[in-house]
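Now for the letters of each chain:
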Amino acid sequence: MFQSLLYQFKLRFKMINQFDIKQEFKFLNNTQQYCTLHSKQQLNQSTYLMKFAISQQDKCLGTRIGQYISLNDPKFDINTTRYYCPISRIDDVGMFDLLVHAIQAENKNFSTHITTLNDGHILNINGPFTNYLYHGYGSIEIPKDNINQNYKYIGIVAESSAIAAFFQLIEGIATNGDNTHIGLLYVADTIDELVLMEELIWYVEEKKINATFMLRNEQDPIGKVFSGPKGQLKPIYLEQYLPQPNDQTLILVCGSRAFKKETKQQLEYIHHQNIAII
Ligand SMILES: Cc1cc2nc3c(=O)[nH]c(=O)nc-3n(C[C@H](O)[C@H](O)[C@H](O)COP(=O)(O)OP(=O)(O)OC[C@H]3O[C@@H](n4cnc5c(N)ncnc54)[C@H](O)[C@@H]3O)c2cc1C
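In this text, all values refer to a predicted model and were calculated from it rather than measured experimentally.

1. Quick notes on the overall build of the chain
- Of the regular secondary structure elements, the chain holds six helices and 14 strands.
- Its C-alpha atoms give the chain a radius of gyration of 19 Å, near enough to 19 Å, the size a compact globule of 278 residues would have.
- When the backbone C-alpha atoms are referred to their principal axes, the chain occupies close to 55 × 50 × 40 Å.
- Within the span of the chain, comprising 278 residues, buried residues form 51% of the whole.
- Considering only residue pairs separated by 6 or more positions, the chain has 69% of its internal contacts joining residues 24 or more positions apart.
- Looking at the chain as shown, the accessible area adds up to about 14500 Å², and 48% of this sits on carbon and sulfur atoms.
- In the chain, 25 side chains carry a positive charge and 28 a negative one; their mean positions are 4 Å apart.

Written as structure tokens, this is what we have:
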């Protein structure tokens, strides 16, 4: 009780920053370290929720919202390094979660390799690297787009497992008393590809975010209830389900290369000025 009141006091007077972790509690330090596969859960045909343990159990991973890590496995190929966005809370201790989409390719590739590993397998980890940095309360920095300012409204357009790039942002805003408005348009071919949908619906029900789930395959879901829009993404959906275009609105987009290109064109068509492709 005492701690919780003290914590609330510190939060209120900004003595604690929920959007960053003190340096001494961060595991990552931009050198190669290792992490151990703790467990994995298959979410759909090709997407896995993978939990890793870090070697310093009293520390947080050390990424901030918008940052990512690299993984490498010498037992696969010492020269292959791939990047992943953590989806666990930035203040989780000793563990972190990744959402990994296994790409089907002729030869065994990295994503297929790691999703077939057994618990206890050790991988090299490095980072943090920065896509964007969310400082909290609408303040966002996107170095590659020279963006560093406050927005009242953040629109997110994500395609299937690319939701990973924004999950910590959504969770951070929804659970830290941050009043920044989030409008999410989450697009996939089938309902199974809308991973983490239940977690997102919970934030919608708690009135923390607005979210619309959209299916491109009009035949899906067979026998399941789905009330969202169906068919190809069109400017009218972006107009309807994202915050209005103005200087207080930033739109973030992530997905396949084709999805990002097409969505950017449609956003420009409906006069969004602040668009960042992640
Ligand atoms: C900053 C950053 C963050 C990332 N975060 C994540 C993450 O959180 N989760 C995750 O699963 N992946 C993430 N990725 C992608 C990841 O780094 C790998 O590229 C991916 O796992 C595929 O690697 P691979 O070696 O298996 O396939 P590759 O051998 O690299 O690719 C095989 C084929 O699949 C194509 N391909 C690659 N990625 C995709 C894709 N996503 N969808 C469709 N086709 C693709 C390639 O163009 C190639 O033709 C991220 C990438 C970047 C740059």
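Read on for the rest.
2. As for the nonpolar core
- One finds Ile163, Phe166, Ile170 and Leu252 to be the most contacted residues of the largest nonpolar core, which totals 44 residues.
- Those elements that place two or more of their residues in this core are strand S8 (139-142), strand S10 (153-159), helix H3 (164-175), strand S11 (181-188), helix H4 (197-205), strand S12 (210-215) and strand S13 (249-254).
- Considering each element in turn, this core owes the most residues, eight residues, to H3.
- A domain split of this core shows at least three residues from each of domain 1 (17-130) and domain 2 (133-277).
- With sequence-adjacent residues up to four places away left out, Phe166 is seen in contact with Tyr132, Ile156, Val157, Ala158, Leu252, Val253, Cys254 and Ile278.
- If you look at the next biggest cluster of nonpolar residues, it comprises 20 residues, including Leu28, Tyr48, Leu98 and Leu117.

3. A short note on the UniProt feature "binding site: FAD" (unreviewed entry) in the chain
- When the UniProt feature table is mapped onto this chain, "binding site: FAD" (unreviewed entry) is found at Arg82, Tyr84, Leu99 and Ser111. The greatest C-alpha distance among the annotated residues, which extend across 30 residues, is 13.0 Å, indicating that they converge on a single site.
- With respect to the helices and strands, the residue Arg82 is situated in strand S4 (residues 81-84).
- When sequence neighbours within four positions are dropped, the list of residues in contact with Arg82 reads Ile69, Ser70, Leu71 and Phe110.
- Counting through the fold element by element, Ser111 comes out in helix H2 (residues 110-115).
- Judged by its relative accessible area of 6%, Ser111 is buried.
- The contacts of Ser111, once residues within four sequence positions are left out, are Tyr84, Val100, His101, Ala102 and Ile103.
- Among the polar contacts listed, one links the side chain of Ser111 to the backbone nitrogen of Ile103, at a separation of 3.0 Å.

4. With respect to the environment of Ile209
- Following the sequence through the fold, Ile209 ends up in the loop between H4 and S12.
- Residue classification places Ile209 among the buried positions, given a relative accessible area of 4%.
- Linking Ile209 and Asn179, residues 30 residues apart in sequence, is a C-alpha distance of 9.7 Å.

5. As for the UniProt feature "domain: FAD-binding FR-type" (unreviewed entry) in the chain
- The positions UniProt marks with the feature "domain: FAD-binding FR-type" (unreviewed entry) are residues 30-135.
- Along residues 30-135 the backbone is 6% helical and 44% strand, and the end-to-end C-alpha distance reaches 20 Å.

6. As for the domain arrangement of the chain
- Segmenting the chain into domains produces domain 1 (17-130) and domain 2 (133-277).
- One C-alpha centre belongs to domain 1, the other to domain 2; they are set 23 Å apart.
- On the side of domain 2, 22 residues touch domain 1, which itself brings 19 residues to the contact.
- When the two sides are added together, the surface that domain 1 and domain 2 hide from each other amounts to roughly 1800 Å², 59% of it contributed by carbon and sulfur.
- Across the domain 1-domain 2 interface, the total number found is one salt bridge.
- For the salt bridge of Arg89 with Glu171, the shortest nitrogen-to-oxygen distance reads 2.6 Å.
- In this structure, the connection of domain 1 to domain 2 is made through nine residue pairs in polar contact (both at pLDDT 80 or more).

Thresholds, definitions, all that
Residues numbered from 1 in each chain as written. Predicted model: local features only at pLDDT ≥ 70, side-chain atom pairs only at ≥ 80, totals over all residues. Heavy atoms only, no water. Helix = DSSP H or I, 4+ residues; strand = E, 2+ residues; numbered from the N terminus. Rg over C-alpha atoms; globule rule 2.2 N^0.38 Å. Buried < 20%, exposed > 50% of the residue type's maximum accessible area, 1.4 Å probe, protein only. Contact = heavy atoms within 4.5 Å. Areas by Shrake-Rupley, 256 points an atom, 1.4 Å probe, with all protein chains shown as cover. Lys, Arg positive; Asp, Glu negative; His and termini not counted. Charge placed at Lys NZ, Arg CZ, Asp CG, Glu CD. Core = buried A, V, L, I, M, F, W, Y, C linked by side-chain atoms within 4.5 Å. Domains from an automatic or database assignment. UniProt positions renumbered as here; feature names shortened; annotations may be inferred. Polar contact = N/O pair within 3.5 Å; in protein donor to acceptor, adjacent residues only side chain to side chain. Buried area = accessible area lost by both parts, 1.4 Å probe. Salt bridge = Lys/Arg side-chain N within 4 Å of Asp/Glu carboxyl O.

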